[in-house]
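Residue-level listing of the chains:
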Amino acid sequence: MHSKVVILGSGPAGCTAAVYAARAMLEPTLIAGIQPGGQLTITTEVENYPGFAEAIQGPWLMEQMQAQAAHLGTRMIQDTIASVDLSRRPFTLTGDGGETYTADTLIVATGASANWLGLPSESKFQGFGVSACATCDGFFYRGKKVAVVGGGNTATEEALFLTNFAERVTLIHRRDTLRADKTNQARVMANRKIDCLFDHEVVEVLGTDEPRGVTAIRLRNTVTGSTRELEVDGLFVAIGHSPATALFKGQIEMDESGYIKTAPDSTHTSVAGVFAAGDVKDKVFRQAVTAAGMGCMAALEAERFLAGGH
C-alpha cells in the first residue's frame, strides 16, 4: 500500500496533518496506532481547546477530528506499526500483522504518554481526580486541596502552577531532596501555598464510586515504612513523560530523553522527507492545540517537499 504521505498517530497532531494533507490532494494514509485518538481519549472534560464555549469531552473531540480527516479523503487504517525502514525512499513501514506500507513522506505524530505510578487505584480515578497535566485540569481545583507527586522540574512547575487555583498544594517526593533546578526549588520553598512532603510515596488513591472522585491518598514513609492518609481533592502525577519513539531509534536524531529533534521553526527531522509533530517532539507545552498547530506545519512542509521533486 503506497501513499505520498503516511501519518503515524491519530491524536490532534496526526489528525490535523491529515486534514491539511487531504485538502492538498495528497491522499494521505493515517495509521491510528496503539491508542487511537492519543492522550485526549483518557481526558474527560476539555475546556481549553479553542472553538467551544462549553467544556467538551476529550474522546468526542478526537472522534470529530478523525471523522473530519476521513471526510476530506484520508485513508484511515487501524494498525500498529512494528518496524520502519527510513534508510531510503520510499520509506517502508511494517504493521504488527505483517501489512507493508510505503511512503514518499512520513509524518511522525506518535505522541508521548505520561509516566504513571502503576497503582490500580490510580487508573480507577484517572480523569476523576487523578491527572498528569496541571495546565489541562488545574482550573477544576479552584479553592481545593491537591497533591503533586514527583521531584523534578515537571513536578515543581506543576505545583507552582496549581497555586493559581488550589487552596493548598502538597508536593510529595520519595527522596529527601528535590531533583529540580535550584530556581524552581527556591520558588517552591518560598510559596506559602505549597507544603513539601519528603521521604514519602503514594501507595493508594482513595475516593468515592458515586459520584466517582478522589477524597484522599494513602502515603508510605520511605524511611520508616509507616503509612498515613492525606485528604486531597485531586492528585497530579508529575514523574515525566515517555515519547513513543522506540520505532525510530538509530534512524532519526533524538535528544537524550528520546524526543525527536527538528530544525528550528520547522517539523523537519534529521531524515529528509520525515517530519515530526506534537508531543513526540514537544516536551515543553504538551497541549492539544500546539500539537494540532505542528500537525498543520508538518503537512504543509511535506507538501512543499513533494512539490520540490524530492
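Our structure's up above, just so we're on the same page.
In this text the structure is predicted, and so the values were computed from the model without any measurement.

1. Some words on the pairing of strand S17 (residues 234-237)
Right, so step 1: Neither face of S17 is open: one carries Gly234 and Phe236, the other Leu235 and Val237, and all of them are buried.
Right, so step 2: The pairing of strand S11 (residues 145-149) with S17 spans 4 bridges and is classified as parallel. In the sheet register, Val146 faces S17, and the bridge partner there is Gly234.

2. Re the pattern of salt bridges
Any two side chains of opposite charge can pair, so long as their charged atoms come close to each other.
Right, so step 1: Summed over all chains, the structure comprises 9 salt bridges.
Right, so step 2: The salt bridge partner of Glu201 is Arg220, with a shortest N-O separation of 2.6 Å. In this pair, Glu201 sits in strand S14 (residues 200-209) while Arg220 sits in strand S15 (residues 212-221), placing the two residues 19 residues apart along the sequence.
Right, so step 3: You can call Arg220 partly exposed: its relative accessible area is 30%.
Right, so step 4: Three or more residues are tied together by salt bridges with common partners; here these are Glu204, Arg218 and Glu229.

3. A few points about the packing of helix H1 (residues 12-23) against helix H7 (residues 288-307)
Right, so step 1: At a closest axis distance of 7 Å, the pairing of H1 and H7 adopts a crossing angle of 35 degrees. As H1 runs across H7, the sense of the crossing is right-handed. For the pair H1 and H7, the contacting residues are Pro12, Ala13, Thr16, Ala17, Tyr20 and Ala21 in the first and Ala288, Ala291, Ala292, Gly295, Cys296, Ala299 and Leu300 in the second.
Right, so step 2: Taken together, the residues that form the contact of H1 with H7 break down as 11 nonpolar, 2 polar and no charged.

4. Observations concerning H7
Right, so step 1: End to end, H7 covers 29 Å across 20 residues, agreeing with the expected 28 Å (1.5 Å per residue, within 8%).
Right, so step 2: On its buried face, H7 sits against H1, strand S8 (100-108) and strand S19 (274-276).

5. Examining H1
Right, so step 1: Here H1 spans 17 Å end to end across 12 residues, near enough to the 16 Å set by a 1.5 Å rise per residue.
Right, so step 2: Taking burial as the measure, the 12 residues of H1 include 10 buried ones, the bulk of the element.
Right, so step 3: Those residues of H1 that sit buried are Pro12, Ala13, Gly14, Cys15, Thr16, Ala17, Ala18, Val19, Ala21 and Ala22.
Right, so step 4: Taken together, the buried residues of H1 touch strand S1 (2-8), strand S2 (29-31), helix H2 (58-71), S8 and H7.
Right, so step 5: Looking one or two places after H1, you find Met25, whose phi comes out positive at around 65 degrees.

6. Examining the side chain of Thr16
Right, so step 1: Turning to its location among the elements, Thr16 is positioned in helix H1.
Right, so step 2: The class for Thr16 is buried, based on a relative accessible area of 13%.
Right, so step 3: Excluding residues that lie within four positions of it along the chain, Thr16 makes contacts with Ala292, Gly295 and Cys296.

Quick notes on the rules
- Residues numbered from 1 in each chain as written.
- Predicted model: local features only at pLDDT ≥ 70, side-chain atom pairs only at ≥ 80, totals over all residues.
- Heavy atoms only, no water.
- Buried < 20%, exposed > 50% of the residue type's maximum accessible area, 1.4 Å probe, protein only.
- Helix = DSSP H or I, 4+ residues; strand = E, 2+ residues; numbered from the N terminus.
- Pairing = 2+ DSSP bridges.
- Salt bridge = Lys/Arg side-chain N within 4 Å of Asp/Glu carboxyl O.
- Axes fitted to C-alpha atoms, helices over the stretch in contact; angles between N-to-C directions.
- Left-handed = near helix turned anticlockwise from the far one by under 90°.
- Contact = heavy atoms within 4.5 Å.
- Nonpolar A, V, L, I, M, F, W, Y, C, P; charged D, E, K, R; others polar.
- Expected span 1.5 Å × (residues − 1).

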